[in-house]
Amino acid sequence: MYGIYKVKKEYEPFVIGREQLLYDLLKGNGEQSNDLKEIHYLCDIIEPEVIDEAILSNLSKVFETIERENGEYKLTHPVKGSILISLSAYSLSVFCDGSRMLDLDLFVALSEVDSRFFAVMDNNGEWGWLKPIKFSDSQRKTAAIFR
């Protein structure tokens, strides 16, 4: 199960190099994390239209069926498996049942619409940007300091 958040543009340089801190803030909170003041401060509200665009435009070619009901999506692929996505104000809750290729398909689709999505998967202690960050020279120096 993933929680996917969109870091505000103005705070992206602050988060780069401090991803472990963001992970520590988000992990294990699930739906409760949307109520945290820190999330409201660091993360943008998830716009359903952006998610619609990512799913319908980018994933309709890959998945056999896409069902949408009450802000939730179910995407099914005959070989890879299925993805269940539910939206809340500050996050996407994603459950992939099947191949890890499902994760990659979703990450690529979301990355096409915005580069500031950050995913947390607490069960495995995994986290990271859905799209690799392009560093400016000053960001590269900061990232190197905080590794």
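Structure: above.
A quick note: this is a predicted structure, and the numbers were derived from the prediction, not measured. (Residues numbered from 1 in each chain as written. Predicted model: local features only at pLDDT ≥ 70, side-chain atom pairs only at ≥ 80, totals over all residues. Heavy atoms only, no water.)

Moving on to the packing of aromatic side chains. This structure, assessed with the given rule, holds four aromatic pairs. Summarising the aromatic geometry, the rings of Tyr2 and Phe107 are spaced 5.3 Å apart at their centres and angled 85° between planes, so their arrangement reads as edge-to-face. Highlighted residues: Tyr2 in strand β1 (residues 2-6) and Phe107 in helix α5 (residues 101-113), separated in sequence by 105 residues. For Phe107, a relative accessible area of 17% translates into the label buried. Ring centres of Phe118 and Trp129 lie 5.3 Å apart, and the angle between their planes is 80°; this geometry places the pair in the edge-to-face category. Note that Phe118 is positioned in strand β6 (residues 117-121) and Trp129 in strand β7 (residues 126-129), a separation of eleven residues in sequence. Judged by relative accessible area, Trp129 falls into the buried class, the value being 16%. (Phe/Tyr/Trp six-rings, centres within 6.5 Å; stacked < 30°, edge-to-face > 60°. Helix = DSSP H or I, 4+ residues; strand = E, 2+ residues; numbered from the N terminus. Buried < 20%, exposed > 50% of the residue type's maximum accessible area, 1.4 Å probe, protein only.)

Okay, the pairing of strand β3 (residues 72-77) next. The alternating pattern of β3 places Tyr73, Leu75 and His77 on a buried face, while none of Glu72, Lys74 and Thr76, on the opposite face, is buried. Here β3 pairs with strand β4 (residues 81-87) via six bridges, running antiparallel. Considered in β4, the bridge of Glu72 is made with Ser86. (Pairing = 2+ DSSP bridges.)

None of this, on its own, says anything about what the molecule does.
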